[in-house]
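Remarks on the overall topology
The lines below spell out each chain.
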Amino acid sequence: MQPIDFKDLGCKECAQGCDLGFDFSMALQPIIDVETRTVFAQEALARGLNGEGAAEVFKHVNETNLYRFDQSCRVKAIRLAAELNVDSYLSINFLPNAIYRPELCIRTTLAAAETYAFDKTKIIFEFTENERIVDQKHLINIISHYEKVGFQTAIDDFGSGYNGLAQLADLKTQITKIDMELIRNIDKDPAREIIVRNMVKMLTELGQRVIAEGIETDAEYRVLRDMGITLYQGFYFAKPAFESLADVHWPD
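The name that an unreviewed UniProt entry assigns to the protein is Blue light-and temperature-regulated antirepressor YcgF, with the source organism given as Marinomonas gallaica.

The following block contains the structure:
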């Protein structure tokens with residue numbers, strides 16, 4: 001799948017950018033549990049060395065360095081979480097199309113968790129519906145292997161992008177994040193409210209933990225809280241903090 005050499009990458013090499021031709025850093029954004037008033041997870045987000053947004057970083061990512069970038073993201077995220085003494089889950093976005101054999105590609109992640117003394121069972125791997133999956137069976141195999149190793153897995157941006165309900169039926173992750181485009185102005189849009197309310201009911205019946213992401217207003221939060229959602233992410237609670245932990249705004 002990936003036209004590069006697939007040797008194992010060391011933690012130090014990945015932390016320094018894996019000879020990508022560019023370097024980058026990470027920000028962390030909390031996912032909060034309003035029921036327990038605790039941080040459920042910190043999501044690691046790629047940033048430029050001076051805090052530039054992810055779009056600026058991804059300008060440098062292509063087919064020739066996709067695998068190394070994916071590996072570097074994992075190591076940088078784990079190292080930062082360890083340095084900041086994160087004791088919640090750590091959510092890392094992964095690129096399924098960058099993984100050729102999960103049992104080999106995961107070695108660097110496991111080594112990083114050991115090197116930086118971060119509990120591997122506290123790692124969540126998210127993949128987004130917005131990335132077209134070349135091989136669905138391959139993705140199912142990745143998720144199955146990750147869960148056997150002890151990681152949590154999550155579908156990001158559910159309700160947008162590719163595959164939708166068919167993907168949800170096949171992949172059987174533990175967590176699903178509802179796409180922010182369905183959340184935006186949900187308090188003013190009865191159609192969105194009906195869709196999300198039924199989506200939450202379905203996901204709950206499937207045994208999924210539901211995260212509502214992209215919350216920007218108190219009104220959006222109140223509608224979603226009325227649906228029984230307890231896990232949230234968005235600017236209303238905290239913006240991503242560059243190489244640090246954000247202060248959380250807790251709703252009343």
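Now that the structure has been shown, we can carry on.
Inspection of every chain in the model, using the stated rule, returns 13 salt bridges. One salt bridge in this structure joins aspartate 218 and arginine 222, with 3.2 Å as the shortest N-O distance. Taken together, the residues span about one helical turn, with aspartate 218 and arginine 222 both in helix α10 (residues 218-226) at a distance of 4 residues. Each member of the salt-bridge network shares a partner with another, and the members are Glu43, Glu126, Lys177 and Glu213.

Turning our eyes to something else, we now look at helix α9 (residues 190-205). The end-to-end C-alpha separation of α9 is 23 Å, in line with the 22 Å expected for 16 residues at 1.5 Å each. Burial in α9 covers these residues: Val196, Met199, Val200 and Leu203. All buried residues of α9 fall inside an arc of 100° around its axis, so they share one side. In α9, those exposed residues whose orientation departs by more than 90 degrees from the buried face are Pro190, Ile194, Lys201 and Glu205. Where α9 begins, one side-chain oxygen reaches toward the backbone nitrogen of alanine 191, 3.1 Å away; that side chain belongs to aspartate 189.

You can see threonine 109 is positioned in helix α5 (residues 107-115). If we ignore the near neighbours within four places in the chain, the residues touching threonine 109 are Arg74, Ile78, Ile123, Phe125 and Phe151.

Relative to the 26 Å expected for 18 residues at 1.5 Å per residue, helix α3 (residues 66-83) spans 26 Å between its end C-alpha atoms, a close match to the ideal helical length. When you tally the buried positions in α3, you get 15 out of 18 residues, the bulk of the element. Asparagine 85 occupies a position one or two residues after α3 and carries a positive phi of about 60°.

Taken as a whole, this structure holds 16 aromatic pairs when the rule is applied. Measuring from centroid to centroid gives 5.2 Å for phenylalanine 40 and tyrosine 89, while their planes differ by 45°, and the two rings are tilted. Here tyrosine 89 lies in strand β3 (residues 89-93) and phenylalanine 40 lies in strand β2 (residues 38-47), a separation of 49 residues in the sequence. The class of phenylalanine 40 is buried, set by a relative accessible area of 9%. An aromatic cluster of three or more residues is present, and its members are Phe94, Phe125, Phe127, Tyr146 and Phe151.

Each value, and the rule that gives it
Residues numbered from 1 in each chain as written. Predicted model: local features only at pLDDT ≥ 70, side-chain atom pairs only at ≥ 80, totals over all residues. Heavy atoms only, no water. Salt bridge = Lys/Arg side-chain N within 4 Å of Asp/Glu carboxyl O. Helix = DSSP H or I, 4+ residues; strand = E, 2+ residues; numbered from the N terminus. Expected span 1.5 Å × (residues − 1). Buried < 20%, exposed > 50% of the residue type's maximum accessible area, 1.4 Å probe, protein only. Arc of directions from axis to C-beta. Polar contact = N/O pair within 3.5 Å; in protein donor to acceptor, adjacent residues only side chain to side chain. Contact = heavy atoms within 4.5 Å. Phe/Tyr/Trp six-rings, centres within 6.5 Å; stacked < 30°, edge-to-face > 60°.

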